[in-house]
Amino acid sequence: MSIDFPNDELEPLLDQLAIADLDATEWERLRTLITDNSAAQRRYLEAIHLREGLAYLLSHEPLASGDASAPSPAELSAGPGLAAASRRDESAETASSASRVRRLTARWFPSWAAAAGIAFVAGAAAVALFQQGWTPLLAKKEQEAPRAVAPVTASPAPLLQETQLGKISGLSLDASAEAISSSMQVGQVLRCGEVVQLPVGFMRIQLDDGPELLIEGPAEFSLVGNESVFVRSGRLSARGGQRLLLQTPLLTAECLDASVAFEASDDDSASIYVSEGVVTLMTTPQERVEGEKIRVLHSGEGIVAEPSSAKGALRTTDRGPLPRIVTEWSDIEKQLSKYQQLILGDRPVAYWPLYRVRKNRRVLDLTQNGHDGLPIGNWPAELKEKDDTGDAERGVYFNGESYIEPDRKPPVNLQNGFAIEGWARPEGPAQYQAIFTSRWVLESYTPNQQCFGITLYAGDNNQWEFWTGVGKRGQLWNVMESPKKIDREQWSHVVGVFTPTEVSEPGFMRGIGRLYVNGEEVLQHEQEVSLTDFDWPARIGAAEFVPRYLTSWLFKGRLSDIALYGYPLEPQRIKEHYQVGQPTVSTKTSALRPSSPWLLASLGRRSAP
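The following paragraphs examine the structure supplied in this document.

Conventions used here
- Residues numbered from 1 in each chain as written.
- Predicted model: local features only at pLDDT ≥ 70, side-chain atom pairs only at ≥ 80, totals over all residues.
- Heavy atoms only, no water.
- Helix = DSSP H or I, 4+ residues; strand = E, 2+ residues; numbered from the N terminus.
- Buried < 20%, exposed > 50% of the residue type's maximum accessible area, 1.4 Å probe, protein only.
- Contact = heavy atoms within 4.5 Å.
- Areas by Shrake-Rupley, 256 points an atom, 1.4 Å probe, with all protein chains shown as cover.
- Arc of directions from axis to C-beta.
- Polar contact = N/O pair within 3.5 Å; in protein donor to acceptor, adjacent residues only side chain to side chain.
- Phe/Tyr/Trp six-rings, centres within 6.5 Å; stacked < 30°, edge-to-face > 60°.
- Salt bridge = Lys/Arg side-chain N within 4 Å of Asp/Glu carboxyl O.

Looking only at helices and strands, one finds 11 helices and 26 strands in the protein. Here the protein holds 609 residues, and the buried ones make up 57% of them. Considering only contacts in the protein between residues 6 or more positions apart, those separated by 24 or more positions represent 63%. Approximately 24700 Å² of the protein is accessible, and the part contributed by carbon and sulfur atoms is 49%.

Right, here's the structure in full:
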């Protein structure tokens, strides 16, 4: 099949697109060149994949010093969103860089980039790819004329559509911590043609019109149609859904009501094993070579495909099940620590282990409920040198100038009660240091002040404190203070619980507040809380900003394993959390002896910041 196009104009534009950006005039010219030309459209897709992969490759193989074509750190961290390069080279630098890209292409992208572009087109066998009306190259009939591409001057990728094809529904701890993109999080929408790079760990993808995918890194993939996924490299399993089209640079597999394990290694090999259903295998179309049917696999059958000497042909060998490919998300959860599994088993609304928190990286909510957070403020880049090994392996150090805030507040219905727990080791002089807050104050420090929400603190009197909001005008907080002082040299397990008893009046709930330290109840008192709820923030390591105290009671020290529950935890479960969590957090965890069963407080201290 012919793939003629105006190479003398198109290629320089695509080279520049891969390493820099185009101005409005150049975008318009590119649009004109690829309109009604399927071969030029394929080359454009190759350039988009090349540009996405180039920053990653360069970040793993630094350029020689003084190379003017080296991208800035901001470019290298642009992530999977196909973001435009943030700089514009001079014409001489552009020419030099373009030459360098071609050298990199020859070295790093011998054929996978071309296959990626072709696979995009081939992938939407029954769906027009990118909604442009393209006909799949797998078809034996003549292609239909594509629709004209609308001019785009602001977007760096005029053919990239805003069409949502799926979303990230799960991330393992290491996948979240080591993500290439700072935006990678549970609930993140994946668009048509968007390149996702997963260095390590596991990711769960739910296709909007297809099955659920489990992908293991290192991997690079794209959703290219309602039921189509292009996998450059990585391991993948899929189940559910009536149809799924999987493509690698070598192999295309059409899965019908199938459960499959799949592994791709660039253009070197591709393997597939069918546990259930039927899979039809074809070669992925290559330049000037159409795809051809290879064979049909049924349950219990698998192959490994490798390139042969003939262009576009494959050599296949029968094989059994693919080892070490995860097919159930529960198998990933079994790799968690005993303490993490215990917490997840108690169904928290949100749970932040605070595993390897880094600046500009999302903080995973391990429940996969999508309450991932973001480090804010002057976040420390490295752990403190004086931290011992046990501490450095768990939780995170807060320097008193930073905190973590989920993108959305975890929902808690006070009518059902709640519990908030965490491990903490504060440092420095006694002052207000927030472990977790979800609270707000209206008309602060006025006679009409109203207090809402919950707070778990290390207090200014060096005692653990648990506060709930009364919510009535002119009243402050229900404040509970532990009777013993905080040992700032040891880890402490701190839990605040509210158990509702009755509705006292419309909009208010009466109940029992309890404070636990290291598995033992140290305080309880009857209290009334407001049921009013609105979109105040939830924060780890800080409270809300108020006019008088802009520091917001920032935490200094170490925090670990913050969990929020939509019901009151039972005392025995709290004790078990403490007992199991001690060796998980640190060998220096406090061994506080049990105090008296509980102390009945009146209404606690009524003055508060």
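By the burial criterion, the buried members of helix H2 (residues 24-34) are Glu26, Trp27, Leu30, Arg31, Leu33 and Ile34. Each buried residue of H2 sits inside an arc of 165 degrees when the element is viewed along its axis, so together they form one side. Measuring from the side-chain oxygen of the N-cap residue of H2 to the backbone nitrogen of Thr25 gives 3.2 Å; that N-cap residue is Asp23.

Looking at where Glu427 falls in the secondary structure, it is placed in the loop between strand S17 (418-426) and strand S18 (433-442). Among the polar contacts made by the side chain of Glu427, one reaches the side chain of Tyr397 at a distance of 2.6 Å.

Turning our attention to the environment of Asp318. Looking at where Asp318 falls in the secondary structure, it is placed in strand S12 (residues 314-318). Contact partners of Asp318, with chain neighbours within four places excluded, come to Arg295, Gly302 and Ile303.

What follows deals with the packing of aromatic side chains. Counted under the stated rule, the structure contains 16 aromatic pairs. Summarising the aromatic geometry, the rings of Trp379 and Phe398 are spaced 5.2 Å apart at their centres and angled 80 degrees between planes, so their arrangement reads as edge-to-face. Of this pair, Trp379 sits in the loop between strand S14 (373-377) and helix H10 (389-392) while Phe398 sits in strand S15 (residues 396-399), placing them 19 residues apart in sequence. A single burial state applies to Trp379 and to Phe398, both of which are buried. Ring centres of Phe418 and Phe498 lie 6.1 Å apart, and the angle between their planes is 25 degrees; this geometry places the pair in the stacked category. In this pair, Phe418 sits in strand S17 while Phe498 sits in strand S22 (residues 492-505), placing the two residues 80 residues apart along the sequence. Site record: aromatic cluster; members linked through ring pairs are Tyr432, Tyr457, Trp467, Trp477 and Trp553.

Per the counting criterion, the structure on display carries 26 salt bridges. Here Arg191 makes a salt bridge to Glu194, at a shortest N to O gap of 3.8 Å. Given a relative accessible area of 18%, Arg191 falls into the buried group. In this structure Glu194 comes out as buried when scored by relative accessible area, which is 7%. One salt bridge connects Arg243 with Glu227, and the closest N-O pair in it is separated by 3.2 Å. Of this pair, Arg243 sits in strand S7 (residues 243-247) while Glu227 sits in the loop between strand S5 (212-225) and strand S6 (228-239), and the two are 16 residues apart along the sequence. Given the relative accessible area of 14%, Arg243 is considered buried. According to the relative accessible area criterion, Glu227 is partly exposed, its value standing at 22%. Through salt bridges with shared partners, one network takes in Lys472, Glu505, Arg510, Glu526 and Glu528.

As for its placement among the helices and strands, Ile420 is situated in strand S17. We classify Ile420 as buried; its relative accessible area is 0%. On a C-alpha basis, the gap between Ile420 and Tyr351 in space is 9.9 Å, while along the polypeptide they are 69 residues apart. When sequence neighbours within four positions are dropped, the list of residues in contact with Ile420 reads Phe436, Leu456, Phe466, Val494, Val495, Gly496, Ile562, Ala563 and Leu564.

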